[in-house]
Amino acid sequence: MSKVDVLLGLQWGDEGKGKAVDFLAPKYDIVARFQGGPNAGHTLEFDGKKHVLHQIPSGIFHPEILNIIGNGVVIDPIVFAREIRDLEPFGVDATKTLVLSNKAQLILPTHKLLDKALELSKGEEKIGSTLRGIGPTYQDKIGRHGLRIGDIIEKDFDEKYQKLKKQHLSLLSALELEDDFIEQENQFFHSLELMRQFRIISTEYLIHESLKSGKDILAEGAQGTLLDIDFGSYPFVTSSNTTTAGACTGLGIAPNQINEVFGIFKAYCTRVGSGPFPTELFNQEGEQLRKLGNEFGATTGRPRRCGWLDIPALNYSCMLNGVTQLFMMKADVLSGVSPVKICESYNSDRGETSEFPYVYNDSYSPIFKEVPSWELDGILEYNNLPHNLKSFISSVEESVHVPITLISLGPDRKETVLKKS
Ligand code: IMP
């Protein structure tokens with residue numbers, strides 16, 4: 001019986017999961033998404049082209065790999081149809097290599113309206129949601145009145161849709177519907193037609209049968225550990241479990257079926273939307289990181305907040321996920337940046353601490369150490385990496401007690417260095 005490897009983000013999302021999954025994919029028979037939805041934006045670059053996937057697993061460009069959208073995911077049919085169409089020019093026939101869980105939740109056009117209304121009502125305290133309907137859809141799931149993908153092939157789907165839409169509209173009654181709502185609804189139903197052409201099944205059985213027959217599976221996380229609904233900086237989080245535990249519930253696999261956990265982090269930190277960010281830079285250094293790292297949201301285009309690498313946060317994420325290997329992304333962005341800093345602990349009114357705080361407020365401040373910077377010029381062999389970059393790598397490994405086995409030095413598949421642990 002094979003096991004499942006999990007790959008997930010250890011910061012606030014946007015760590016580079018798309019590239020890492022695409023790079024690892026050839027080793028696997030199946031790539032499966034287990035949570036999140038169109039709020040994600042996984043970027044892949046190869047053959048001089050950039051692709052951004054929101055809901056479709058990042059194994060889709062490999063025709064021999066089966067891709068699964070698991071039960072823990074929330075799916076917007078309109079975004080789904082757009083993504084499928086965008087793949088066609090690249091010769092990807094997703095109807096053959098993509099399977100949908102009948103238990104994944106459906107995002108309705110009214111979920112997106114609710115998302116906007118809820119966010120607006122929060123005023124200054126807004127989460128900075130991507131407004132893709134994620135929160136309200138998960139709310140309906142937990143409230144036990146959501147619609148699932150399996151429902152779209154049932155005879156009474158229209159009835160169920162109208163019932164839920166009516167509930168949503170009564171919640172939204174204070175608001176006027178946006179002018180394009182009818183158009184949105186038309187697109188929604190049109191997109192469902194495309195969705196019905198896919199295999200909509202109990203993917204948990206498919207996963208178990210595949211494991212029994214020795215197939216290798218990679219579970220692809222979305223967002224990041226610090227956006228987890230339980231352990232993230234609540235309430236400034238997403239609405240799903242972004243941790244390894246989420247892979248179990250989001251695909252229907254048992255904890256003892258997990259093998260490797262690949263944790264991805266950037267050599268610095270970024271965050272989109274509101275919420276605490278201990279190492280955030282409000283000065284020229286932050287601006288420089290944003291520019292060098294092209295730190296603008298792949299889904300919303302919003303500028304990302306930038307800061308230095310936060311070791312207490314990374315340690316916390318490794319602990320929650322049982323990370324067995326670390327992948328360090330965007331080490332090239334720090335090339336030539338001087339000085340480079342790492343936050344090793346925080347000062348607080350109770351003294352120095354390495355614990356990630358329940359609430360990060362003004363009583364905390366990060367304690368930084370400066371490390372010498374490095375210059376890179378097209379090196380793609382671990383042994384040839386600059387000494388200072390290797391020291392940076394060792395210093396992180398010593399702090400979190402997990403080996404870094406992959407170092408990404410650019411967006412292209414080829415710009416990847418492997419280090420034997
Ligand atoms: P929501 O999940 O769209 O409601 O957004 C909740 C918070 O998570 C906001 O701060 C978003 O900016 C953030 N977020 C959601 N998805 C992603 C992602 O894929 N990358 C980075 N941040 C995300």
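Above this text is the structure in question.
Within each chain, residue numbers correspond to sequence positions counted from 1 in written order. Since the coordinates come from a predicted model, pLDDT governs what is reported: local features require at least 70, and pairs of side-chain atoms require 80 or more to be given and counted, while whole-chain, interface and lining totals use all residues. As a rule here, side-chain values cover all heavy atoms of the structure and leave hydrogens and water aside.

Q: What exactly am I supposed to notice about the packing of aromatic side chains here?
A: Each pair of aromatic rings is reported with the distance of its centres and the angle of its planes. To pair, rings of Phe, Tyr and Trp, with the six-membered ring standing in for Trp, must have centres within 6.5 Å; the planes then decide the type, stacked if under 30 degrees apart, edge-to-face if over 60, and tilted in the middle. This model, assessed by the stated rule, comprises 14 aromatic pairs. The interplanar angle of 90 degrees and the centroid separation of 6.3 Å between the aromatic rings of tyrosine 346 and tyrosine 364 together place this pair among those described as edge-to-face. On the criterion of sequence distance, the pair formed by tyrosine 346 in strand E15 (residues 340-348) and tyrosine 364 in the loop between strand E16 (351-353) and strand E17 (365-371) is long-range, its members being 18 residues apart. The buried label applies to any residue whose accessible area, calculated with a 1.4 Å probe on protein chains only, is under 20% of its type's maximum; exposed applies above 50%, and partly exposed to all values in between. A residue is classified by how much of its surface remains accessible, and tyrosine 346, at 0% relative accessible area, is buried. The rings of Phe157, Tyr161, Phe188 and Phe189 are connected pair by pair, giving a single aromatic cluster. The cationic tip of lysine 390 hangs over the ring face of tyrosine 382; the distance from NZ or CZ to the ring centre is 5.5 Å. Counting as a charge over the ring demands two things of the Lys NZ or Arg CZ atom: a distance within 6 Å of the ring centre and an angle within 35 degrees of the ring normal. Above the plane of the ring of phenylalanine 46 lies arginine 413, whose end atom (NZ or CZ) is 4.0 Å from the centre. In DSSP terms, a helix is any run of H or I states spanning at least four residues, a strand is any run of E spanning at least two, and both are numbered starting from the N terminus.

Q: Can you walk me through the packing of helix H4 (residues 109-121) against helix H7 (residues 181-195) in this structure?
A: Helix-helix packing: each pair is described by the crossing angle between the helix axes and the interaxial distance. The axes are straight lines fitted to the C-alpha atoms, using for helices just the contacting stretch, and the angles between their N-to-C directions are given from 0 to 180°. In contact at an axis separation of 9 Å, H4 and H7 are set at 135 degrees when each is read in the N-to-C sense. When the axes of H4 and H7 are compared, the pair comes out oblique. Residues Pro109, Thr110, Lys112 and Leu113 of H4 touch H7, and the partners they reach there are Phe181, Gln184, Glu185 and Phe188. Think of it as three bins: nonpolar holds Ala, Val, Leu, Ile, Met, Phe, Trp, Tyr, Cys and Pro, charged holds Asp, Glu, Lys and Arg, and polar takes everything else, Gly as well. Residues that form the contact of H4 with H7 fall into these classes: 4 nonpolar, 2 polar and 2 charged. Just so you know how the angles are binned, under 35 degrees is roughly parallel, over 145 roughly antiparallel, 65 to 115 roughly perpendicular, and the rest oblique. Any pair of residues with heavy atoms lying within 4.5 Å of one another is described as a contacting pair.

Q: Would you take a moment to explain the environment of proline 366 for this structure?
A: Mapped onto the elements of the fold, proline 366 is located in strand E17. Distance from proline 366 to glycine 128, taken between C-alpha atoms, is 24 Å for residues 238 residues apart in sequence. Those residues in contact with proline 366, other than ones at most four positions away along the chain, are Pro278, Thr279, Cys343, Ser345, Tyr346 and Tyr360.

Q: Honestly, unusual backbone geometry in this entry has me stumped. Any pointers?
A: Leaving glycine aside, a negative phi is the common case for residues, and trans is the common case for peptide bonds. Following tyrosine 234, the chain continues into proline 235 via a peptide bond in cis, with omega recorded as 5 degrees. Examined against the element boundaries, proline 235 turns out to sit in the loop between strand E10 (217-220) and helix H9 (244-251). Positive phi is not limited to glycine here, since glutamine 223 has a value of about 55 degrees. Along the polypeptide, glutamine 223 turns up in the loop between E10 and H9. The exposure class of glutamine 223 is buried, given its relative accessible area of 9%. One non-glycine residue, histidine 401, adopts positive backbone phi at about 60 degrees. Looking at the element boundaries, histidine 401 is found in the loop between helix H12 (387-400) and strand E18 (404-408).

Q: Got a minute to help me understand the pairing of E15 in this structure?
A: Taken residue by residue, a regular strand's side chains alternate between the two faces of the sheet. Among the 9 residues of E15, 7 are classified as buried, and the element is accordingly described as predominantly covered. Examined bridge by bridge, E15 and E17 share 7 bridges and lie antiparallel to one another. Pairing of isoleucine 342 across the sheet is with lysine 369, part of E17. Bridge analysis of E15 against E16 gives 3 bridges, and the strand direction is antiparallel. Note that in E16 the partner of serine 348 across the bridge is glycine 351. The pairing criterion for strands is at least two bridges between them, as found by DSSP. Once E15 ends, the chain turns through 2 residues before running back antiparallel as E16.

Q: For this particular structure, what's the right way to read the packing of H4 against helix H5 (residues 134-142)?
A: Running from N to C, H4 and H5 cross one another at 110 degrees; their axes reach a closest spacing of 7 Å. Taken as axis vectors, H4 and H5 run roughly perpendicular relative to one another. The chirality of how H4 crosses H5 is right-handed. For the pair H4 and H5, contact is made by His111, Leu114, Asp115 and Leu118 and by Ile134, Pro136, Thr137, Gln139 and Asp140, respectively. Per-class residue counts for the contact of H4 with H5 are 4 nonpolar, 3 polar and 2 charged. By definition, any crossing whose near helix is turned counterclockwise from its far helix by less than a right angle is left-handed, and any crossing with a clockwise turn is right-handed.

Q: Looking at this model, I keep getting lost on the pattern of salt bridges. Mind explaining?
A: When their charged atoms lie close together, side chains carrying opposite charge are able to pair. We count a salt bridge whenever a side-chain nitrogen from Lys or Arg sits within 4 Å of a carboxyl oxygen from Asp or Glu. A complete count under the given rule lists 19 salt bridges for this structure. The salt bridge partner of glutamate 280 is arginine 305, with a shortest N-O separation of 2.8 Å. Residue glutamate 280 is located in the loop between strand E12 (268-271) and helix H10 (284-292), and its partner arginine 305 is located in strand E13 (residues 305-310); the two are separated by 25 residues in the primary sequence. Residue class for glutamate 280 comes out buried when judged on its relative accessible area of 17%. With a closest N to O distance of 2.7 Å, arginine 304 and glutamate 295 form a salt bridge. With a relative accessible area of 7%, arginine 304 lands in the buried category. The network of salt bridges with common partners includes Asp14, Lys266, Glu295, Arg304 and Lys330.

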